[in-house]
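Spelled out, the chains give:
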Amino acid sequence: MAPASRLTGTGLTLAYDQRVVATDLSVTIPDESFTVIIGPNACGKSTLLRALARMLKPKTGAVHLDGSVITSLPSKEVARRLGLLPQSSIVPDGITVADLVARGRYPHQKLMRQWSKADEAAVSEAMRATDVAELADRIVDELSGGQRQRVWLAMALAQETPILLLDEPTTFLDISHQIEVLDLCAELHEQGRTMVAVLHDLNQACRYATHLIVMRGGQIVAEGDPTEIVTPELVHEVFDLRCEIIQDPQSGTPLIVPEARRRVTASS
């Protein structure tokens, strides 16, 4: 029998050396969803994503990919099924956009295999989808932050994985580039990919997510469709923020409006 979800974690204890971040954490990523993990700083959301991506080995419990414990699978096999856009990436000195995107084909390379037409097509399509084809010959270090983020996303797309994980893909981007990147992620989801992203902005999470995972203190406190689970009570519990929730006039999704500070006016 096929697993209910291609990517799951069960009974996870996640830690960095002796510092435990989460205990007895279980999560199921719905297939073909755009899942967003949200929560306050240091709640464990990026740690959970690292575990799902096999970048962090759980102290207890296991992450399963297609029914197998992910740590038991060969690295290249994992990389053919699951792509990762990390929070911060180091760009090799002097590398061009085309060469960096081409590195996404590494999981498909064999010892004696030459660069193929399939590799060329995958790279071209990834660059077209992320709108970086015209930057092919540019040095990556010379690009703007938004352009660089699209190039890294193109490299992840070139892997041609059905599951794509993104750790804070909008960090350090201005608002227009944040929307640009998230719109692209939404398009990839609509094409059939399972997307999992860690975001800081709750309104952006509500707008783009089809499945929301809300964390606090290393635990999942709520999950589901944003329109069904995001309430003023949840926002106050998780973020210690009093707010009103209205309908986003553009997307129809929940829009969090923080309670205004009462201004002190001078007496007449």
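Just so it is clear, the model here is predicted, and its values are computed rather than measured.

Draft legend 1. Region of interest: the sheet that holds strand β1 (residues 7–16). The four strands are arranged β2-β1-β4-β5 in an open sheet whose pairing can be described as antiparallel. The strands lining the two open edges of the sheet, one partner per strand, are β2 (19–29) and β5 (68–69). Against the sheet, helix α1 (residues 45–52) contacts β1, β2 and β4 (60–65), and its axis sits at roughly 120° relative to β1.

Draft legend 2. Fine view of the pairing of strand β8 (residues 194–198). Extensive coverage of β8 is indicated by the burial of five of its five residues. Of the two faces of β8, the one holding T194, V196 and V198 and the one holding M195 and A197 are both buried throughout. In this sheet, β8 lies alongside strand β3 (residues 34–38) in parallel orientation, the contact comprising four bridges. Bridge pairing in β8 links I37 to V198. For strand β7 (residues 163–167) and β8, the ladder comprises five bridges, and the chain directions are parallel. Following the sheet pairing, I163 is matched in β8 by T194. Crossover β7 to β8 through helix α6 (residues 175–190) is right-handed.

Draft legend 3. Quick look at the sheet that holds strand β6 (residues 82–85). Taken together, six strands build an open sheet; the order of strands is β6-β7-β8-β3-β9-β10 and the sheet is mixed. Every other strand in the sheet has two partners, leaving β6 and β10 (219–224) as the edge strands with one partner each. Geometrically, the sheet is characterised by an average inter-axis angle of 15° between neighbouring strands, direction not taken into account. The sheet contact formed by strand β9 (residues 211–216) and β10 spans five bridges and is antiparallel. Among the inter-strand pairings, V214 is bridged to a residue of β10, identified as A222. Sheet strands touched by helix α5 (residues 145–158): β6 and β7. Its angle to β7, the strand with the most contacts, is close to 150°.

Draft legend 4. Region of the structure containing α1. Among the eight residues of α1, seven are classified as buried, and the element is accordingly described as predominantly covered. Of all the positions in α1, only K45, S46, T47, L48, L49, A51 and L52 are classed as buried. R54 occupies a position one or two residues after α1 and carries a positive phi of about 65°.

Draft legend 5. Looking closely at the pattern of salt bridges. Applying the stated rule across the entire model yields nine salt bridges. D66 is the partner of R81 in a salt bridge, and the nearest nitrogen-oxygen pair spans 3.1 Å. In this pair, R81 is assigned in helix α2 (residues 75–81) and D66 in the loop between β4 and β5, connecting sequence segments 15 residues apart. Taking relative accessible area as the criterion, D66 reaches 25% and is therefore assigned partly exposed. For the salt bridge of R105 with D119, the shortest nitrogen-to-oxygen distance reads 2.9 Å. Taken together, the positions of R105 in the loop between α3 (97–102) and α4 (117–129) and D119 in helix α4 put the pair 14 residues apart, joining distant regions of the chain. Side by side, R105 and D119 carry an identical accessibility label, which is buried. One network of salt bridges, with partners in common, ties together R6, D66, E77, R80 and R81.

Parameters at a glance
Residues numbered from 1 in each chain as written. Predicted model: local features only at pLDDT ≥ 70, side-chain atom pairs only at ≥ 80, totals over all residues. Heavy atoms only, no water. Pairing = 2+ DSSP bridges. Helix = DSSP H or I, 4+ residues; strand = E, 2+ residues; numbered from the N terminus. Contact = heavy atoms within 4.5 Å. Axes fitted to C-alpha atoms, helices over the stretch in contact; angles between N-to-C directions. Buried < 20%, exposed > 50% of the residue type's maximum accessible area, 1.4 Å probe, protein only. Right-handed = clockwise from strand over helix to strand, strands pointing away. Salt bridge = Lys/Arg side-chain N within 4 Å of Asp/Glu carboxyl O.

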